[in-house]
Amino acid sequence: MSMNERAADTLVIGGGLVGAAVAYGLLRAGESVTVLDEGDVALRASRGNFGLVWVQSKGDKMHEYARWTRGSADLWPEFAGLLAQDGGIDPDYSKPGGIHFMLSEEDLEKKRAQLHRLHNSLEGQEYGAEIIDREQLDAMLPGLGPDVVGASWSPHDGHASPLRLMRGLHSAIAAKGGRYVADAKAEKVERDGSGYVVRTAKGAFRGDKVVLAAGHGNKWLAPSVGLDVPLRPEKGQIIVTERVRPLIPMPTHVMRQTAEGTIMVGDSHEDTGYSDASTSSVVSDIAKHAVRCFPALGQLRVVRTWGAVRVLSLDGFPIYQESATHPGAFSINCHSGVTLAGAHALALAPMIARGRLDASLDAFHSRRFEHATAH
Ligand SMILES: Cc1cc2nc3c(=O)[nH]c(=O)nc-3n(C[C@H](O)[C@H](O)[C@H](O)COP(=O)(O)OP(=O)(O)OC[C@H]3O[C@@H](n4cnc5c(N)ncnc54)[C@H](O)[C@@H]3O)c2cc1C
């Protein structure tokens, strides 16, 4: 197999939201970058997600994740602006705050306790989410069903168009001189002197560093650079309605109105392996729950439904790590690639460009799973 003539500072394997955000950040940091992407036949969480840039409730049990998520939400306004400027595509980001509905007093109290824990874990930094009662909620979001007793609310939450984000990242990568190679599934990652060679059907590519950002593909690629990445699939299904006048002024954890006027609804968590099939029973449960929260949705026509497979680590938190045995080989996975795109491009990529992850990311290393069993 012939070696592709142009070597890059960094090869990024995977062109989904995670690989594309990192590649864009590396280019901004002045590196030359080649993105090797398997293409549309692969599982692509990046094309099937809900589009929330979501902070509230994230990081219970891992305060580093709470901080990292909040940091990414804080970076998003700058990130969205840079992306529009560099790639010419606005990801339709807005941050009107976000709401998580509570349908019973018991759930409201559980959420209150969770927010209290999160607040305490941040050692003084305000967590920025609070419980609001039905009256406060009505003032923010009129038209709720009688079963909604209250909500948690965070001004740091927002949403974006995931498809425009993907296109914007790829357009910005091209504009910054990055190279994107489609249908280039990485078969093997091998050492080559102090760098790496990645073998694909499109030839072999060389880089001084390599970033594994292949979603579920990382599980199979990571051992070739001495890493173990235990991941599991989890299906989520989404319903999209026809376009309507502005109805829902801010995103909620189960529904959001897009910039085009459609309403996306969804929040299923299904253990169905790597299947991304849409199933009528789950779609109907999602619709019932949504109409219970917001009855006006019952009048709208559904135009599309789909399923997509989340990329989850065993504890649900991201994995960021450099291989100890293969310096310059990094592996990245997360289950909130929209939310974390700001941090991936503007905080994580500069660390990779410098050749070392900051100690603040130590908690995200997969050594935390050493005593766990992948399922
Ligand atoms: C239903 C659902 C709802 C979601 N909602 C949200 C949300 O509201 N907010 C949020 O922040 N996140 C959300 N997510 C999560 C988000 O979509 C994912 O975190 C993100 O898409 C993961 O991106 P990725 O690049 O790691 O993986 P993927 O999108 O799977 O991309 C991986 C890429 O790597 C390529 N690849 C795989 N193997 C190889 C290989 N060997 N060689 C080369 N290329 C390879 C594939 O072709 C693909 O392009 C949701 C996900 C789902 C499924």
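Residues numbered from 1 in each chain as written. Predicted model: local features only at pLDDT ≥ 70, side-chain atom pairs only at ≥ 80, totals over all residues.

(A) Highlighting the overall build of the protein chain. The secondary structure content of the protein chain amounts to 8 helices and 17 strands. Oriented by its inertia axes, the alpha-carbon framework of the protein chain measures out at about 65 × 45 × 40 Å. A buried classification covers 46% of the 375 residues belonging to the protein chain. Considering only intrachain contacts with a sequence separation of at least 6, the fraction spanning at least 24 residues in the protein chain is 73%. (Helix = DSSP H or I, 4+ residues; strand = E, 2+ residues; numbered from the N terminus. Buried ≥ 20, exposed ≤ 12 C-beta atoms within 10 Å, placed from the backbone. Contact = placed C-beta atoms within 7 Å.)

(B) Expanded view of the pairing of strand S4 (residues 98–102). In terms of burial, S4 is a largely internal element, 5 of the 5 residues being buried. Burial along S4 is two-sided: Gly-98, His-100 and Met-102 and Ile-99 and Phe-101, pointing in opposite directions, are all buried. Note: S4 against strand S6 (residues 150–154), 5 bridges, orientation antiparallel. Paired with Ile-99 across the two strands is Trp-153, which belongs to S6. (Pairing = 2+ DSSP bridges.)

(C) Focus on the sheet that holds S4. Taking strand neighbours across the sheet as the criterion, the 3 strands line up as S4-S6-S5 in an open arrangement whose pairing is antiparallel. The sheet terminates laterally at S4 and strand S5 (130–133), the two strands that pair on one side only. Neighbouring strand axes in the sheet, compared pairwise and without regard to direction, differ in orientation by 30° on average. (Axes fitted to C-alpha atoms, helices over the stretch in contact; angles between N-to-C directions.)

(D) The arrangement of helix H1 (residues 17–28) in detail. With 12 residues, H1 should cover 16 Å at 1.5 Å per step; its first-to-last C-alpha distance of 16 Å lies within 8% of that length. Burial of H1 is extensive: 11 of the 12 residues sit out of reach of the surface. Those residues of H1 lying buried are Leu-17, Val-18, Gly-19, Ala-20, Ala-21, Val-22, Ala-23, Tyr-24, Gly-25, Leu-26 and Leu-27. Against the buried residues of H1 lie strand S1 (8–13), strand S2 (33–36), helix H5 (162–175), strand S11 (203–212), strand S17 (329–333) and helix H8 (341–354). Remark: Gly-30 follows H1 within two positions and exhibits a positive phi of approximately 95°. (Expected span 1.5 Å × (residues − 1).)

(E) Structural view of the site of the ligand. Near the ligand lie 42 residues; those nearest to it are Gly-16, Gly-215, Gly-217, Gly-236 and Gly-337. If you list the elements that add at least two residues to the shell around the ligand, you get H1, strand S12 (231–241) and strand S15 (302–313). Examining the composition of the shell around the ligand, we find that 4 residues originate from one element, S15, more than from any other. A breakdown of the residues in the shell around the ligand according to their chemical character gives 20 nonpolar, 17 polar and 5 charged. (Near = placed C-beta within 6 Å. Nonpolar A, V, L, I, M, F, W, Y, C, P; charged D, E, K, R; others polar.)

(F) Spatial organisation of the domain arrangement of the protein chain. Once the domains are mapped, the protein chain shows domain 1 (8–51 + 163–229 + 316–369), domain 2 (98–154) and domain 3 (231–313). Each of domain 1 and domain 2 was reduced to a C-alpha centroid, and the two centroids are 36 Å apart. (Domains from an automatic or database assignment.)

(G) Structural context of the sheet that holds strand S13 (residues 255–257). Within the open sheet, the 4 strands sit side by side as S13-S14-S12-S15. Their pairing is antiparallel. The open sheet is flanked by S13 and S15, the only strands paired with a single partner. Ignoring which end each strand starts from, the neighbouring axes of this sheet average 25° apart. Judged from the 11 bridges that link them, S12 and S15 form a sheet pairing that is antiparallel. Across the sheet, residue Pro-233 finds its bridge partner in S15, namely Val-311.

(H) Region of interest: helix H2 (residues 63–87). For H2, spanning 25 residues, the distance from its first C-alpha to its last is 34 Å, which sits close to the expected 36 Å at 1.5 Å a residue. Residue Trp-76 marks the point of greatest curvature in H2, where the axis turns by about 45°; the proline Pro-77 follows within four residues. Those residues of H2 not exposed but buried are Tyr-65, Ala-66, Trp-68, Thr-69, Arg-70, Ser-72, Ala-73, Trp-76, Phe-79, Ala-80, Leu-83 and Gly-87. On its buried face, H2 sits against strand S3 (52–53), helix H3 (105–121), strand S7 (158–159), H5 and H8. One or two positions beyond H2, positive phi appears at Gly-88, with a value near 75°. (Bend = angle between axes of the 7 residues up to and from the residue.)

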